[in-house]
Amino acid sequence: MAMTRREAFKNLAKGSLPILAAGCVSAGLPEVAHAEEENVAPKGALGLLYDATKCVGCKSCMVKCSEYNDLQPDTRQDGIHQAPPALNYFTKNIIKLYRTADGSDHSYFKQQCMHCIDPSCVTACMFGGLRKDVDTGVVWWLGSKCVGCRYCEVACGFHIPAFTWDCFNPKIVKCELCRDHIAKGGKQPGCTEVCPTNAVIYGKREDLLKEAKSRIAANPGKYFEQRVYGEHEAGGTQVLYLSRVGFDKIGLPDIGEASIPHGLHYSHMLYKWMALPLALFAGMVFFAGKNFKDHSHHLVEDQKKTGLRPQL
Amino acid sequence: MAKDAIEKETIAQSLKNAGYSRRDFLTLCTTIVATAPMGLALTEKATPAAVAKAVAKAKKPSVVWLHFQDCTGCSETLLRTSKPDVADLIINLISLDYHETLMVACGQQAEDALNSAVADNAGKFVLVVEGAIPTKEQGRYMLLNGKPALEVLKEVGSKAAAIIAMGSCASWGGVPSADPNPTGATGVDSIITDKPIVNLPGCPPNPYTLLGVVLEFAVMGKLPACDDLKRPKFAFDRLIHDHCPRRAHFDAGRFAGQFGDAGHREGYCLFKLGCKGPVTHAGCSTRQFNEVVDCWPIGNGSPCFGCTEKTVGFRIPLFQRVDVHTATPPDTYAPISGSFGKFGAAAAGLVGLAAGAIGGSTWAASQRLTSSEEAVAQEAKTTVGGK
Amino acid sequence: MTRWERSVPVYGVPVITRGFWAMLALIVVGLVLTAIREVVGLGGIVSGMSDPYAWGLWKTFNVMVLTGLGSGGFAVGIAAWIFNRKKLHSVMRVALLTSLLAYWTGLAMLGIDVGRPWNFYWVVWPFTWNLRSPLLEIAVCIMLYATVPLFLENLPPLFEYIIYEFPSFRGVAEFCEGALKKVYPVVIGLAYILPIMHQSSLGALMILGGNRVNTLWQTPFLPLIYVWAAAFLGYNCVSICLLLAKLAWKRDVDPEVMAEMNKLTVWIVYSWTAFRFLDILVRGKILHVFTDGFYSLLFLTETALILGSAYVLSTEKGKKLGTMFLAHVCCATGGMIYRLSPTTLAFQAKPGATYFPSAIEFIVSITFIAIGVLVYLIAVKKLAILPGSNADWTKMAKYEEQVKPGIQLTGYAPVEH
């Protein structure tokens, strides 16, 4: 029974209506970024303030971090010296050096997890292997829920989580603001405890922000663009940076003010209460049912003619 | 030098008789501990009070000190101490029964002193040898009371409990053994092979090294752990380079190019001026001389010349550079953006092969399909036409 | 001109051939390498993955790309069952089988790629589900899809096989078949809604890649474009399989069905391309199509392959089987490149980072593809998968009755109620 053009268009319209609706809904959504509670840090949010102008590159923070986190030094470069080339599963915190080609200018850069307010990695993780503490906002890894899929590594806009590649029982390794050490009675993370120049300090995010801004006010022209990196970047991060040299030069990405998971906003709307998928499902079952009845009828007719067992 | 009565005294008694306060004694013991914090059984994990306790109970060991082809610098080094006055103390800590420089006797008296010292303490005394021993022409190049030094050493050494070769000359030949070594100067351990020998090379060595060895022997009854060149590990297990105060300059690439240039004035590394620190085992980087900080060659802006090492001191020219065998750290700061990812040749080859295979077979398949379709069409035409 | 009326197994062709042995050898090698990976971990020589490029060939190609290729089940299925394109019923079984194999080998590959597979059981425990994660949606959906609707849809050929070859189990098989028939519309509904959901979530994954995914690919509509691409990839795959069947086993081709599939492919591709360009235009990035160096080249290549092939399919030339085959391969290639771009080709993880699969990684990847191909070859020879005419069936029946005396493949009159 051939379908007439009219029927074809009717079916097409019926079938594509939900898809079109979805398209219209997502296209017509107004920008709702600002009102989201995504970009508000928890009340007791803790963090770090790293002032690159005070850092002397002594790397005591790297040593202390290894000690408090039970990590072996990464000596793979020459077998003797601890010289990790980047964050990896031995190194939760690293000092990097920015240097101009002619050596005329340089700056150190302490890299570790940014403890974002709306972390991309936490949104990414399927079963909550990476979670954000409700009170302190610290982003930490829970092994019992981690599948080792490494989506967090792909999702992180700051390239932080490291995976133990060379092990059949791998882990995700990244700074957790010395959560375990503090739980055992420590007052602050290892890096801030040991920093000889107080280049990196620990405290509540709001206090650190105030401190950073007061430094900017007290030293006009000293700090790059007179601002704190992390105040708004990626929806705000709990680790803040001050630098004399451009942020892009020391390796802080130009990441915009929207949090990374915000891009999923529209997708999430489509799945709200599973309404759309259920509606689509219902529609398809309805049409499939109708056509199936038709098809079955045909099959019986064919069987009468040919004597061949009908195939479902 | 008195004999029997003093030998039976304990060190504590001897010091007391000499008028040393307990404070002086503790100061000395502190210095010993600082000299050898590790590697010496006497001081390992010990407090100065504990060391003092052990040393106080020990009997004063008898010491015979022989000079051969020497400059007496190794004795002089003992005298360049004042806090406490080690020379003085040594006289009261040990029974120095024969020492040609420090004793009053000379001539026949001196000869008698040596004979009686050896005879009275046979098998118990410590022989300290200073200076190299000439061996060419049956040892004719140095005679002591008409006897070749070689014979004297063998005679006295055969009666000693242990031998300490003080200084590079006694350890391996030192200055007299420099090219062309006309006298065949050599160290003690090439001549005496059946006695325990400790080599303390250095030109001169640090006096507290000697003190540590002697006290260890007096208190513990044995010589400290030594390496395969018979040097005590507590003092010779590290290179100058490893503990050099100027190491940071070496690692950062800051060198003095010439004596007196800007780098030299800044106190930069002297490697380019021929410093033998990287190949010389000694403790000078941590313990300097004359009880004055930085009183050592490198501290004075002069490159180390490797006086303790047989293959270096008096062998390699002063300003000739050596190879560094300790690892130099890599550029120890991570770059802002490093490179990741490897591009294996095997993988590239496989991928290329696969791509080629798929591409080729796709083309071939498409051609076959076309030709088979055409064949069918041809057949249909001819069949139809044939009809 | 052949009309495809039912599915007919490939007969008179041995299952064990030289090609079979070659693939088996490759599979054995690959499985040994897989065992090595399980012991040693994912680093070193086993794979080319590193922290910046944490997803390598296995996730991005075997799972994300090949399940796209294996979307015939839902793409052809929606046209056949929802839009009632009756001609496509005859090719449903091929589509379903390719989907099944693509998904199951993809899932196996996933199990090998993840570092801590022993924690995967949380997928059945909703209280741990992070509902904001696109990957969760994929995990739950794919697991459900592969184990329930896709599996059930592929059972009928198996039931038939049992009915014909094992008369003692006929009763059970017929009962199961009947039960399946009763719930078939629901199974179908699931079989289409689930892939739409997870194929679009596969696209949503790279939204979290932010501005590290080149702007020509990064869009909030990534999910829609991904599932739309899966649709035409599904048609490409099915068409290629059918044409290869003609080449390998001299199966006759029904030009009307091929034309129907081509028409749908063309329609999907045109609308897909139009939407993509519209999206780029509206985001204001249209100049990047020409001014972004390597990325422009990549974009233009994939667009040319996809659009060009679709155009060829819409012309007279496209009716020729050779050209049709080439066009579908090129279109599939373009589509696969498209799906590989946001994760790998157009993904700049961090400055200075590159990724290329290691030899072992590559071999393991093609091993799992080979497993799928091998099972496909066995299945089409044993079961009624590939389409044919009723006359073909009768020929096959005659042949089989000679080889297996007692087997009844014809003469099934319907039971009158």
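Residues numbered from 1 in each chain as written. Chains lettered and ligands numbered in written order. Predicted model: local features only at pLDDT ≥ 70, side-chain atom pairs only at ≥ 80, totals over all residues. Heavy atoms only, no water.

**Here we look at unusual backbone geometry**
And then number 1: Going from Asp179(B) to Pro180(B), the amide bond is cis rather than trans, its omega being -5 degrees.
And then number 2: Position of Pro180(B) among the secondary structure elements: in the loop between helix H9 (167-172) and strand E8 (185-186).
And then number 3: For the peptide bond that leads from Cys203(B) to Pro204(B), omega is -5 degrees, which places it in the cis range.
And then number 4: Assignment of secondary structure puts Pro204(B) in the loop between strand E9 (197-200) and helix H10 (207-220).
And then number 5: Residue Trp273(A) is not a glycine yet carries a positive backbone phi of 55 degrees. (Helix = DSSP H or I, 4+ residues; strand = E, 2+ residues; numbered from the N terminus.)

**A few points about the interface of chain C and chain A**
And then number 1: Taken residue by residue, the interface counts 87 residues in chain C and 79 residues in chain A.
And then number 2: Of the roughly 7,000 Å² buried between chain C and chain A on both sides combined, carbon and sulfur atoms contribute 62%.
And then number 3: A per-residue breakdown of the area chain C buries against chain A is headed by Arg116(C), Arg132(C) and Leu208(C), which together make up 12% of the total.
And then number 4: Summed over the shared surface of chain C and chain A, the number is 3 salt bridges.
And then number 5: A salt bridge links Asp113(C) to Arg150(A), with the shortest nitrogen-to-oxygen separation between them at 2.9 Å.
And then number 6: At the boundary of chain C and chain A, one finds 42 residue pairs in polar contact (both at pLDDT 80 or more).
And then number 7: If you list the elements that add at least two residues to the side of chain C that touches chain A, you get strand E1 (6-7), helix H1 (18-40), helix H3 (72-82), helix H4 (92-113), helix H5 (134-147), helix H7 (155-165), helix H8 (170-205) and helix H15 (390-403) of chain C.
And then number 8: Per-element tally for the side of chain C that touches chain A: the top contributor is H8(C), with 18 residues.
And then number 9: Partitioned by chemical class, the residues of the side of chain C that touches chain A number 51 nonpolar, 19 polar and 17 charged. (Contact = heavy atoms within 4.5 Å. Buried area = accessible area lost by both parts, 1.4 Å probe. Salt bridge = Lys/Arg side-chain N within 4 Å of Asp/Glu carboxyl O. Polar contact = N/O pair within 3.5 Å; in protein donor to acceptor, adjacent residues only side chain to side chain. Nonpolar A, V, L, I, M, F, W, Y, C, P; charged D, E, K, R; others polar.)

**Some details on the sheet that holds strand E3 (residues 106-111) of chain A**
And then number 1: Taking strand neighbours across the sheet as the criterion, the 3 strands line up as E3(A)-E2(A)-E10(B) in an open arrangement whose pairing is mixed. Taken across any chain shown, the strands that pair with only one partner, and hence form the sheet edges, are E3 of chain A together with strand E10 (334-335) of chain B.
And then number 2: Direction of pairing for strand E2 (residues 94-99) of chain A relative to E3(A): antiparallel, over a ladder of 6 bridges. Of the residues in E3(A), the one forming a bridge with Lys96(A) is Phe109(A). (Pairing = 2+ DSSP bridges.)

**Overview of the pattern of salt bridges**
And then number 1: This structure, assessed with the given rule, holds 31 salt bridges over all chains.
And then number 2: Note that Arg215(A) and Glu211(A) form a salt bridge whose closest N and O atoms lie 2.7 Å from each other. With Arg215(A) and Glu211(A) both in helix H7 (residues 205-218) and 4 residues apart, the pair spans about one turn of that helix.
And then number 3: With relative accessibility at 10%, the residue Arg215(A) sits in the buried group.
And then number 4: With a relative accessible area of 30%, Glu211(A) lands in the partly exposed category.
And then number 5: Between Arg247(B) and Asp242(B) there is a salt bridge, with the nearest N and O atoms lying 4.0 Å from each other. (Buried < 20%, exposed > 50% of the residue type's maximum accessible area, 1.4 Å probe, protein only.)

**Description of the packing of aromatic side chains**
And then number 1: On inspection of all chains with the given rule, the structure shows 39 aromatic pairs over all chains.
And then number 2: Seen in terms of ring centroids, Phe163(A) and Trp165(A) are 4.8 Å apart; in terms of plane orientation they differ by 70 degrees. Their pairing is edge-to-face.
And then number 3: Within the aromatic cluster, the residues linked to one another by ring pairs are Tyr226(C), Phe232(C), Trp272(C) and Tyr338(C).
And then number 4: We note Arg179(A) situated over the ring of Trp140(A); from NZ or CZ to the ring centre the distance is 3.6 Å. (Phe/Tyr/Trp six-rings, centres within 6.5 Å; stacked < 30°, edge-to-face > 60°. Lys NZ or Arg CZ within 6 Å of the ring centre and 35° of its normal.)

**Thoughts on the pairing of strand E3 (residues 126-130) of chain B**
Residue and element names in this part refer to chain B.
And then number 1: Taken across its 5 residues, E3 has 5 buried, putting it largely inside the fold.
And then number 2: By the alternation rule, side chains of E3 split into Val126, Val128 and Glu130 and Leu127 and Val129, which are all buried.
And then number 3: Where strand E1 (residues 62-67) lies against E3, 5 bridges are found, and the strand directions are parallel. Paired with valine 63 across the bridge in E3 is valine 126.
And then number 4: Bridge analysis of E3 against strand E7 (residues 162-166) gives 5 bridges, and the strand direction is parallel. Counterpart to leucine 127 in the pairing with E7 is isoleucine 163.

**Brief notes about a nonpolar patch on the surface**
And then number 1: Taken together, Ile16(C), Trp21(C), Leu24(C), Val28(C), Val32(C), Ile36(C), Val39(C) and Val40(C) make up a surface patch of nonpolar side chains, about 700 Å² in accessible area.
And then number 2: Within the secondary structure, Val32(C) is located in helix H1. (Patch = residues over 30% accessible without salt bridge, like charges linked within 9 Å, V, L, I, M, F, W, Y side chains within 5 Å. Areas by Shrake-Rupley, 256 points an atom, 1.4 Å probe, with all protein chains shown as cover.)

**Some thoughts on the side chain of Arg150(A)**
And then number 1: As for its placement among the helices and strands, Arg150(A) is situated in the loop between strand E5 (139-141) and helix H4 (151-155).
And then number 2: When near neighbours in sequence (up to four residues on either side) are disregarded, Arg150(A) contacts Phe163(A), Trp165(A), Leu42(C), Met49(C), Ala54(C), Trp55(C), Lys59(C), Asp113(C), Val114(C) and Gly115(C).

**Some points on the interface of chain C and chain B**
Quite often, the size of an interface is put as the accessible area lost when its parts meet.
And then number 1: With 26 residues of chain C in contact, the opposing surface of chain B contributes 22 residues.
And then number 2: For the chain C and chain B pair, buried surface summed over both sides reaches about 2,000 Å², with 73% attributable to carbon and sulfur atoms.
And then number 3: It is Leu247(C), Phe356(C) and Phe362(C) that lose the most area in chain C upon contact with chain B, and together they represent 30% of the buried surface on that side.
And then number 4: Where chain C packs against chain B, one counts 0 salt bridges.
And then number 5: Run the count over chain C and chain B and you get 1 residue pair in polar contact (both at pLDDT 80 or more).
And then number 6: Of all the elements in the fold, those that place two or more residues in the side of chain C that touches chain B are helix H9 (222-249), helix H13 (321-345) and helix H14 (359-382) of chain C.
And then number 7: Ranked by residue count, the leading element in the side of chain C that touches chain B is H13(C), at 5 residues.
And then number 8: Broken down by class, the residue content of the side of chain C that touches chain B amounts to 14 nonpolar, 8 polar and 4 charged.

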